[in-house]
Amino acid sequence: MSTPSPKGHLTRDEVAHLAHLSRLAVSEEELDLFAGQLAAVLDAVAEVGKADVADVAPTTHAVPMTNVMRPDVARPSLPRDVVLAGAPFAEDDRFRVPRILGEEA
Amino acid sequence: MSDITTTSAADLSAALHAGDLTSVEVTGAYLDRIAAEDGELGAYLHVDAEAALTAAEAVDAARAAGRELGPLAGVPMALKDVVVTEGVPTTSGSKILEGWRPPYDATLAAKLKAAGTVLLGKTNMDEFAMGSSTENSAYRITRNPWDHSRIPGGSSGGSSAAVAGGLAPWSIGTDTGGSIRQPAAVTGLVGHKPTYGSVSRYGLIAFSSSLDQAGPMTRTVLDAALLHEAIAGHDPYDSTSIDSPVPVLAEAARRGARGDLAGLKVGVVRELGGEGHAEGYEPGVLARFQEAVALLEGMGAEVREVSCPAFDLALPAYYLIAPSEASSNLARFDGVRYGLRVGDDGSRDLDEVMALTREQGFGPEVKRRIILGAYALSAGYYDAYYGQAQKVRTLITRNFAAAYADVDVLVSPTMPTVAFPLGSRVDDPIAMYAADLCTLPASLAGVPAISVPCGLSEGLPVGFQAMAPALGDDRCYRVAAALEAAQDAARGHRLLDELGGRPRPKENTRS
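Throughout, a residue's number is its position along its own chain's written sequence, starting from 1. By the order in which they are written, chains take letters starting at A while ligands take numbers starting at 1. For a predicted model such as this one, the threshold for reporting local features is a pLDDT of at least 70, and the threshold for listing and counting side-chain atom pairs is 80 or more; totals across whole chains, interfaces and linings nevertheless cover every residue.

Points about the overall build of chain B
Argument step 1. Secondary structure elements are taken from DSSP: a helix is a run of H or I of four residues or more, a strand is a run of E of two residues or more, and numbering for both begins at the N terminus. When helices and strands are counted, chain B shows 16 helices and eleven strands.
Argument step 2. Within these notes, the globule rule equals 2.2 Å times the number of residues to the 0.38 power, and the radius of gyration is based on C-alpha atoms. What you see for chain B is a C-alpha radius of gyration of 22 Å, in line with the 24 Å of a compact globule of 511 residues.
Argument step 3. When its C-alpha atoms are laid out on the principal axes, chain B stretches across 70 × 60 × 50 Å.
Argument step 4. The buried share of chain B, reckoned over its 511 residues, is 63%.
Argument step 5. Contacts here follow a simple rule: the backbone-placed C-beta atoms of the two residues must lie within 7 Å. Put simply, 76% of the contacts in chain B that link residues at least 6 apart link residues at least 24 apart. Counting other C-beta atoms within 10 Å of a residue's own tells you its class, since 20 or more makes it buried, 12 or fewer makes it exposed, and anything in between is partly exposed; those C-beta atoms are placed from the backbone.

Structure follows, in C-alpha cells:
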C-alpha cells in the first residue's frame, strides 16, 4: 500500500497508464488537458480524507440487501437475429470480433 | 380548457377521459410545437411523429370502442434517452450508441406503454448522464426555455426543456446526483427523485448503479405524483428493487394542496446555504428559499434549523463513488455486442479496436470520469479514495437518520444558483460539479427528494428541495403541493405561466 499522491500530483504518465488500462486511446492533447483537469478534481475529492471515519463501516448501497433470489424459472431469451441486428459486425449467427491474439501467437 | 401544450397532464387526462379531446389532437399539438420549435430548443434527440400518431389513434379507437382505459391512456410522454426503448433509437447522449435500436423495453418504458401513454420521443442529456448542464451531450446543446442563452440543467436537460417549453406535457428523467431535481429547478418544473430502489432500474443505461434512480419531471406536483405512481413498484429484473407496495402519492399531493401542515416538522439544513455555509449561493436564491420556508411556517409547519456536518463532504464523496462505478459500468461499451466499432480493418487486435472505439465513441467528460474512477479504485489508492468516500457516505446517512429523529422533512435550495449561461462552466469541471451541491446528500443516502419551484430570481426559476426518509416519498409530495398551492394562490397563476410570451434573448446581456 502506498499513500495517495500529494496534492495535484496525478501526472501525465499516470493518466496515460490509466487510459491504457481503461482501453481509451487518448490523444497527446487530451493527455495534457486531462492531466491538468484531473489534478484539480483529485485535489477537490481528496477532501474526503478530512472525515473522521474511525469505526465507520463503508456504505456500498443505500438499501442493504444481500443474496436477492428469484425463482429459477426458464424464460425465453431475446431472439438471436434481433440481438445481432444491433451488433457492429455479425457473421454466421454470431458476434464477429477482431482477433484476440497477436500474429506470433 | 387552456392551451393543450401548457396545461397539466392531469387536466389532459381528464379531458381525454371526458371525450373533450382526443389523443390524436393532444399528440398532434405537441408534435406541431416540436416541429416548429425544437430546432432552436434542442430538447429531443429522436422524435417519431408517425409512431406517436399511430399510438394515439389506437388509444382513441379503444376509447371509442368503449374499452376501459387507465387514467394515463392517450397522454403523450417524453423519455430521457437513457431509458431503453424497444425498436426506438437509444443513445444515452453518446456517439458510442449512435443508431442503436434496443431489442427490449426498460421496465418503466413498458409500464408507461401498457398504461397507454404515447411516446413523443427521446430527450437530450449529458452523455451517460454525466453532467449538470446537458452540454456534455454528444449531439446538441439544449436551451433553457426561460432564457435561450442559458443551460436547462442536467443531466436531464432535454426532459426539463421539453416540459417547460411546451414540447411535452411531462417526462421521465434520471437522477444520480441531482439530474432530475436540478434541471427541474432551473426550468420552473417539479422533479422528484424517488427512494432508491422504488423505481426499477432495469433498462436504464447504467451510470452509477448504487445511485441511479428514475423519476418524474412535470409542470405540477400532482402530475409528478401520478407519473411516479405509474412507474413505481417491485421488479424482479432489478435485484436492488424494493419489494414493497406502490406508494400512495397523488393522494398525498391532493392533501398537501389543501395547505394544512399543522404538526409537520421541517428541518432547514444549515450546511446547504445556511449561516456559515452560504458561499457560492446567490442571494436571490436564498431569499426565495427563505420566503418558501416562511410560507410553510404560515401553513402550520414547525420549522427549525438542523445541522448535518457530513453534507460538507457529499460533493467529494460523490465525485469518487460515481466515477468509480461508471468506470466499471462503461466497460461494457467494447465495440463487440452493440454500438460503434472503430478501426477493425484486420490489422488490429481486439484491445486496439476497443481502445480506438472508446476513444472516438466517448466524449471528454466521460473519459475524465472513467480515468478518475480507475484511479480511485486502483490498488494503493482504493482505501484513501473510494473506501474513504464510502465511509463518508455512511456518515451522511447517519446525519439523515439523526435529523429524521427530530423532523419529518429536511429542506434546502435545490441549486445554489439560477441557470448559468451556456458555455460558462464547460472547461471547469469543478465549477460544473458545484451545481450538484444541494442534491448530492439525498442521492448518497438513497432517500427521496423533490424540487418544486419557489419563485424567480433575476427572472429565472429557483427550486426548493424537500427530502424525506426512505420510502417517505409521500412527505415530499405533501410539502411540495402545499408550497405550490400557496404560491399559485398568492400569485394568481402558476409560475410556468410567466414563461409564455416573454422575450427570449439569444445572448446573455447581464454583466
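Here we look at the interface of chain A and chain B
Argument step 1. Of the residues lining the interface, 49 residues belong to chain A; the matching set on chain B comes to 60 residues.
Argument step 2. Among the elements that line the side of chain A that touches chain B, the one with the most residues is helix H2 (residues 28-45) of chain A, at seven residues.
Argument step 3. Class assignment for the residues of the side of chain A that touches chain B results in 36 nonpolar, nine polar and four charged. Throughout, the ten residues Ala, Val, Leu, Ile, Met, Phe, Trp, Tyr, Cys and Pro are labelled nonpolar, Asp, Glu, Lys and Arg are labelled charged, and all others, Gly among them, are labelled polar.

Quick word on helix H1 (residues 12-21) of chain A
Argument step 1. Here H1(A) has its buried residues at Val15(A), Leu18(A) and Ala19(A). For H1(A), the arc enclosing every buried residue in end-on projection is 100°, short of the 170-degree limit, so these residues lie on one face.
Argument step 2. On its buried face, H1(A) sits against H2 of chain A together with helix H12 (364-377) of chain B.
Argument step 3. Arg23(A), located one to two residues past H1(A), shows a positive phi value of around 55°. To obtain the arc, one takes the directions from the helix axis to the C-beta atoms.

Considering the confidence of the model for chain B
Residue and element names in this part refer to chain B.
Argument step 1. Per-residue confidence from the predictor is reported as pLDDT, a score between 0 and 100. Per-residue confidence for chain B averages 96 on the pLDDT scale, and 97% of its residues sit at or above 70.
Argument step 2. Throughout residues 503-511 the model reports pLDDT below 50, and contacts reaching past four residues in sequence, or to other chains, amount to eight contacts.
Argument step 3. Our summary of model confidence lists the complex with pTM equal to 0.96 and ipTM equal to 0.91.

A look at the sheet that holds strand S9 (residues 409-413) of chain B
Pairing between sheet strands relies on hydrogen bonds along the backbone, with the strands arranged either parallel or antiparallel.
Residues and elements named next belong to chain B.
Argument step 1. The eleven strands are arranged S1-S3-S2-S4-S6-S5-S10-S11-S9-S7-S8 in an open sheet whose pairing can be described as mixed. Where the open sheet ends on each side, the last strands, each with one partner, are strand S1 (44-47) and strand S8 (302-306). Averaged over all pairs of adjacent strands, the angle between strand axes in this sheet comes to 30°, irrespective of strand direction.
Argument step 2. When DSSP finds two or more bridges between two strands, those strands count as paired. Relative to strand S10 (residues 449-457), strand S5 (residues 190-193) runs antiparallel, the two being bridged by three bridges. The partner of Lys193 across the bridge, within S10, is Ala449. Note on method: axes are straight lines fitted to C-alpha atoms, helices fitted across the in-contact stretch only, with angles between N-to-C directions ranging 0 to 180 degrees.

Description of the packing of helix H10 (residues 314-329) of chain B against H12(B)
All names here are of chain B.
Argument step 1. Running from N to C, H10 and H12 point in directions that differ by 100°, and their axes come no closer than 7 Å. The orientation of H10 with respect to H12, classified from their angle, is roughly perpendicular. Counted together, Leu320, Pro323, Ser324, Ala326 and Ser327 of H10 and Arg369, Ile370, Leu372, Gly373, Ala374, Ala376 and Leu377 of H12 form the full contact between these two elements.
Argument step 2. Residue classes in the contact of H10 with H12 are distributed as eight nonpolar, three polar and one charged. Between 65 and 115 degrees an angle is taken as roughly perpendicular, under 35 as roughly parallel, over 145 as roughly antiparallel, and anywhere else as oblique.

Observations concerning the confidence of the model for chain A
All names here are of chain A.
Argument step 1. In this model, chain A carries a mean pLDDT of 87, and residues with pLDDT of at least 70 account for 88%.
Argument step 2. Mean pLDDT values for the elements of chain A range from 93 in H2 up to 96 in strand S1 (residues 90-91).
Argument step 3. Here residues 1-8 scores under 50 on pLDDT; set against residues more than four positions off or in separate chains, the count is ten contacts.

A short note on the nonpolar core
All names here are of chain B.
Argument step 1. Put simply, a nonpolar core is buried Ala, Val, Leu, Ile, Met, Phe, Trp, Tyr and Cys residues tied into one set by C-beta atoms within 7 Å. The biggest cluster of nonpolar side chains holds 188 residues, and the ones touching the most others in it are Ala466 and Ala480.
Argument step 2. If you tally residues by element for this core, the top one is H10, at nine residues.
Argument step 3. Those residues in contact with Ala480 that sit more than four places away from it in its chain are Val190, Val221, Gly256, Ile450, Val452 and Ala466.

Some thoughts on the environment of Ile370(B)
Argument step 1. Here Ile370(B) lies in helix H12.
Argument step 2. On the basis of neighbour count, Ile370(B) is assigned to the buried category, with 28 C-beta atoms found within 10 Å.
Argument step 3. For the pair formed by Ile370(B) and Glu325(B), sequence separation is 45 residues and the distance between their alpha carbons is 8.8 Å.
Argument step 4. Dropping the residues within four chain positions of it, Ile370(B) is found in contact with Ser22(A), Leu24(A), Ala326(B), Ser327(B) and Leu330(B).

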